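Chain by chain, the residues run as shown.
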Amino acid sequence: MEKGPTTMSMSVRAEMEKLSVEQLKAVKEQTDLEVNLLNDSLNNIRSATTRLELASSALHNLSLRPSGKKMLVPLTASLYVPGTLQDPDQVLVDVGTGYFIEKNMPQAKDYCDRKINLLKQIAEPGTGNTVIIVKGSFIRTVS
């Protein structure tokens, strides 16, 4: 028989009542660390989603430019060099850890859209956020 949320919280509460003050402090500190780590991870996912949305927008803008167009090419976040657009339909996609794959524009947009959708699924309520909420309520119980 599976335990429901109220049965589970009652058993957790009963176990916590058996702990000493020092043990409760240690549990609270550990849970605080876990919640902070989960919040950091969630923020990183949201940040990656925003970067991918910006990349998708940049792909759209790039597809509207004609061949031979002079432009500034970003090498890093703050370093740009002059360049000329040879083929607006062929782009290099950064797939992580220093690897790039040449794709045509529809494939690159599809790649960004799939990654954005995946990250949004991970960050939506009912997935990773539930763990943060449960741990947060656990901290309030211990405090």
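Rules used in this analysis
Residues numbered from 1 in each chain as written. Predicted model: local features only at pLDDT ≥ 70, side-chain atom pairs only at ≥ 80, totals over all residues. Heavy atoms only, no water. Helix = DSSP H or I, 4+ residues; strand = E, 2+ residues; numbered from the N terminus. Buried < 20%, exposed > 50% of the residue type's maximum accessible area, 1.4 Å probe, protein only. Salt bridge = Lys/Arg side-chain N within 4 Å of Asp/Glu carboxyl O. Axes fitted to C-alpha atoms, helices over the stretch in contact; angles between N-to-C directions. Parallel < 35°, antiparallel > 145°, perpendicular 65-115°, else oblique. Left-handed = near helix turned anticlockwise from the far one by under 90°. Contact = heavy atoms within 4.5 Å. Nonpolar A, V, L, I, M, F, W, Y, C, P; charged D, E, K, R; others polar. Polar contact = N/O pair within 3.5 Å; in protein donor to acceptor, adjacent residues only side chain to side chain.

(A) The environment of T50, seen in detail. If you trace the backbone, T50 turns up in helix α2 (residues 21–63). For T50, a relative accessible area of 42% gives the class partly exposed. Along the sequence, T50 and L119 sit 69 residues apart, while their C-alpha atoms lie 10.0 Å from each other.

(B) Structural context of the pattern of salt bridges. In total, this model carries three salt bridges according to the counting rule given. A salt bridge links K28 to D32, with the nearest nitrogen and oxygen atoms 2.9 Å apart. Taken as a pair, K28 and D32 lie in helix α2 at a separation of four residues, close to a single helical turn. Classification of D32 as partly exposed rests on a relative accessible area of 25%. R114 is the partner of D110 in a salt bridge, and the nearest nitrogen-oxygen pair spans 3.0 Å.

(C) Seen up close, the packing of α2 against helix α3 (residues 105–123). Relative to each other, α2 and α3 sit at 160 degrees, their axes nearing to 9 Å. With respect to their mutual orientation, α2 and α3 come out roughly antiparallel. In this structure, α2 meets α3 at a crossing whose hand is left-handed. Seen from α2, the contacting residues are L42, I45, A48, T49, L52, E53, A55, S56, L59, H60, L62 and S63; seen from α3, they are M105, A108, K109, C112, D113, K115, I116, L119, K120, I122 and A123. For the contact of α2 with α3, the per-class residue count stands at 14 nonpolar, four polar and five charged.

(D) Geometry of the side chain of T49. In this fold, T49 is placed in helix α2. Judged by relative accessible area, which is 7%, T49 ranks as buried. Within the structure, T49 has its side chain in polar contact with the backbone oxygen of I45 (distance 2.9 Å). Not counting chain neighbours up to four residues away, the residues in contact with T49 comprise I116, L119 and K120.

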